[in-house]
Amino acid sequence: MATAAEDTNQVKEEVKEAVSADAKKEVKDTKPASDDPRPSLYAFIRDVIEKLLESNPEIVPDFIAESDKLNSVTAISTHNREFPDAASRVAYTLIHGAQRMYLVNSVLTDAYSACTNLQSRTTVFNELMQGVDWGTVNVYSMGGGPGCDVVGVLMWLHRFGLRPKVSASVSERNEQWEGIAKTMLSMLKKEGAKTPQHSYVQNLWKKLEGGNVKYFAGSEPSVKQTACNAQADILLLPFALGGLGEDVSECLQTTLDAMKPGALLVYLDHCDSPHTETINNLSYWSGLRRIYFMKEMTMSMPKYEKSEYLEKWSTKMEKAILRDSKCTAVVYKKPSGYAYDRRRKMGRREQEAIKGTQIRLKKTN
C-alpha cells in the first residue's frame, strides 16, 4: 500500500509533467511563423539604389526627375539615348533594372522549354548543355547597361537548377555604367542574415566566374570584344540595334559572322522596330536558325515583386514605376552539326520547370 509521502511525490511528479507539457505546447503555439518574403528583385534593386544614392547624395533631386523621364517602355534601351550623368544612370537602374532581368530570364525560360522534349530528354540547346556539363558558360551582352541582362541569365540557370560557372562580358558605349555594375555585384555578394532573399541573390552571384563581369566601353568594337563575341555560348542583343544608326547592318553582320557554332543569340527590341526584319534576313544568310519567336511578348512583373519595395522613390514620381513591357523576342542558333549526349541527367527541378512552362505556353498560345 502506498504511503502518504509516496502519494504526495507522485502528485508532484504528475503536476510537474503537466506544467512541462503545457509550457512546451505554449512555446510551440507561440513560435512565430516564418514571415520571410519570397525573394524579390525589387528588394535587391532597392538595396542597390540606396547604396548608389548613399555614395552620391547630391544627385537625389535630379535622380527623381530623371526617373520620371525614363518611366516608359520606350526608354528601356541604353543605346537610344545618352546617359551623361550619374542621376540618369541610377534612375535607369531603378526603372528598368528588374524589367530587363525578368525579360531575359523569361525569354530563355520559354525558349528552352519550347525546344526541349521531356520524353527523349533532348533539346535544341544541345551545345549550350555541353557547356553546362563541362561547368562553364560564356555570356556576352552588347548594350548591357549595368549588367542586368547577365543577371537575367543567372536567374534562368538558377530556376532550372543548372550550376555552371558563368564567364560574363558586357560592352557599352559609356564606360560609366561599369561603376553601377560593380555596385550591383557587391550587393549580390553582400553578407547578411540567411533569409530567402539573401540566399537567392548570393546564389546568383556564386554562379559568376570570379564573381565579376568584364566591361568594355567604346562605340568601336575592340579585339577583346570580338573575342568575347566569338567565345560566347549566349550572345545578348537587348534593345541595342537602335543606337547604331546607319552602321547597323555592317555591325550586325560582323557580330553574326563571329558567332561560334552552337551559340545562341537572344534578340530583344521594340515591337515596331525595323531592325527585326534586318536581323531576320541577315541571320538567315549567315546560317543561323530561328528557334523561338514572339512578335509581341508581354511581360508583367510577378505579384510578389511588391511596389512597396520601391515606394521610397516612386511616391515622389508623377506616376507608378513601370511594371509591364511589350517587346519582340527572338532566339537564334548557329548550327554546329555536332551531336552531344548530356552526361548530367536532367534533374527533377529542371523537369518540373520545363513541364510548367510548356503547359503555360500551350494555354497562352
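Since this is a predicted model, take the numbers as computed values, not measurements.

K.L.:
What am I meant to see in helix H6 (residues 148-159) here?
P.N.:
Within an α-helix, residues lying three or four positions from one another point in the same direction, as the helix has 3.6 residues per turn. In this model H6 runs 16 Å from its N-terminal to its C-terminal C-alpha over twelve residues, within 8% of the 16 Å that 1.5 Å per residue would give. Residue Gly-161 follows H6 closely and has a positive phi angle near 70°.

K.L.:
It is not clear to me how the side chain of Lys-334 should be interpreted in this structure. Could you clarify?
P.N.:
With respect to the element layout, Lys-334 can be found in the loop between strand S9 (324-333) and helix H13 (348-364). A distance of 3.4 Å separates a polar side-chain atom of Lys-334 from the backbone oxygen of Asp-257. Discounting chain neighbours no more than four positions away, the residues touching Lys-334 are Leu-256, Asp-257, Met-259, Lys-260, Pro-261, Gly-262, Ala-263, Ser-286 and Leu-288.

K.L.:
It is not clear to me how the sheet that holds strand S7 (residues 264-269) should be interpreted in this structure. Could you clarify?
P.N.:
Strand pairing in a sheet is mediated by backbone hydrogen bonds. Such pairs are either parallel or antiparallel. Spatially, S5-S4-S3-S6-S7-S9-S8 is the arrangement adopted by the seven strands of the open sheet, whose pairing is mixed. In the strand order of this sheet, the two ends are held by strand S5 (208-217) and strand S8 (289-300), each with one partner. On average, adjacent strands in this sheet sit at an angle of 15° to one another, irrespective of strand direction. Sheet topology places strand S6 (residues 234-238) next to S7; five bridges connect them, and they run parallel. Bridge assignment links Leu-236 to a residue of S7, and that residue is Val-266. Packed on one face of the sheet, helix H5 (residues 126-134) meets strand S3 (136-142), S6, S7 and S9 and runs near 125° to S3.

K.L.:
It is not clear to me how the packing of aromatic side chains should be interpreted in this structure. Could you clarify?
P.N.:
For any pair of aromatic rings, geometry is given as the distance between the ring centres together with the angle between the planes. Inspection of every chain in the model, using the stated rule, returns ten aromatic pairs. Relative to Trp-156, the ring of Phe-125 has its centre 6.3 Å away and its plane inclined at 55°; by these criteria the two rings are tilted. Linking Phe-125 in the loop between strand S2 (122-123) and H5 with Trp-156 in helix H6, this pair joins segments that are 31 residues apart in sequence. You can call Phe-125 buried: its relative accessible area is 1%. Judged by centre distance (5.1 Å) and plane angle (80°), the rings of Tyr-284 and Trp-285 are edge-to-face. Comparing Tyr-284 with Trp-285, the two get one shared label, exposed. Every member of this aromatic cluster is reached through a ring pair, and the members are Tyr-112, Phe-125, Trp-156 and Phe-160.

K.L.:
Sorry, what's going on with the environment of Pro-61 here?
P.N.:
Relative to the helices and strands, Pro-61 resides in helix H3 (residues 60-70). The class of Pro-61 is exposed, set by a relative accessible area of 59%.

K.L.:
Help me out: how do you make sense of the packing of H6 against helix H8 (residues 196-206) in this one?
P.N.:
Helix packing geometry: the angle between the two helix axes and the distance between the axes. Taken N-terminus to C-terminus, the directions of H6 and H8 make an angle of 105°; their axes are 9 Å apart at the nearest point. Compared by their axis directions, H6 and H8 come out roughly perpendicular. For the pair H6 and H8, the contacting residues are Val-151, Leu-154, Met-155 and His-158 in the first and Tyr-200, Asn-203 and Leu-204 in the second. Residues that form the contact of H6 with H8 fall into these classes: five nonpolar, two polar and no charged.

K.L.:
Can you help me understand the environment of Tyr-292 in this one?
P.N.:
Residue position: Tyr-292 is located in strand S8. Put simply, Tyr-292 and Val-266 are 26 residues apart on the chain and 9.4 Å apart in space, counted from C-alpha to C-alpha.

K.L.:
So what exactly am I meant to see when it comes to the packing of helix H4 (residues 86-114) against helix H7 (residues 177-189) here?
P.N.:
Across the interface, H4 lies against H7 with an axial gap of 12 Å and an inter-helix angle of 60°. Judged on the interaxial angle alone, H7 and H4 are oblique. Where H4 crosses over H7, the handedness of that crossing is right-handed. Packed against H4, whose contacting residues are Arg-89, Val-90, Tyr-92, Thr-93 and Met-101, the element H7 presents Trp-177, Ile-180 and Met-184 at the interface. In terms of residue class, the contact of H4 with H7 is built from six nonpolar, one polar and one charged.

Reading the values: rules and limits
- Residues numbered from 1 in each chain as written.
- Predicted model: local features only at pLDDT ≥ 70, side-chain atom pairs only at ≥ 80, totals over all residues.
- Heavy atoms only, no water.
- Helix = DSSP H or I, 4+ residues; strand = E, 2+ residues; numbered from the N terminus.
- Expected span 1.5 Å × (residues − 1).
- Polar contact = N/O pair within 3.5 Å; in protein donor to acceptor, adjacent residues only side chain to side chain.
- Contact = heavy atoms within 4.5 Å.
- Pairing = 2+ DSSP bridges.
- Axes fitted to C-alpha atoms, helices over the stretch in contact; angles between N-to-C directions.
- Phe/Tyr/Trp six-rings, centres within 6.5 Å; stacked < 30°, edge-to-face > 60°.
- Buried < 20%, exposed > 50% of the residue type's maximum accessible area, 1.4 Å probe, protein only.
- Parallel < 35°, antiparallel > 145°, perpendicular 65-115°, else oblique.
- Nonpolar A, V, L, I, M, F, W, Y, C, P; charged D, E, K, R; others polar.
- Left-handed = near helix turned anticlockwise from the far one by under 90°.

This is a description of form; function is not addressed.
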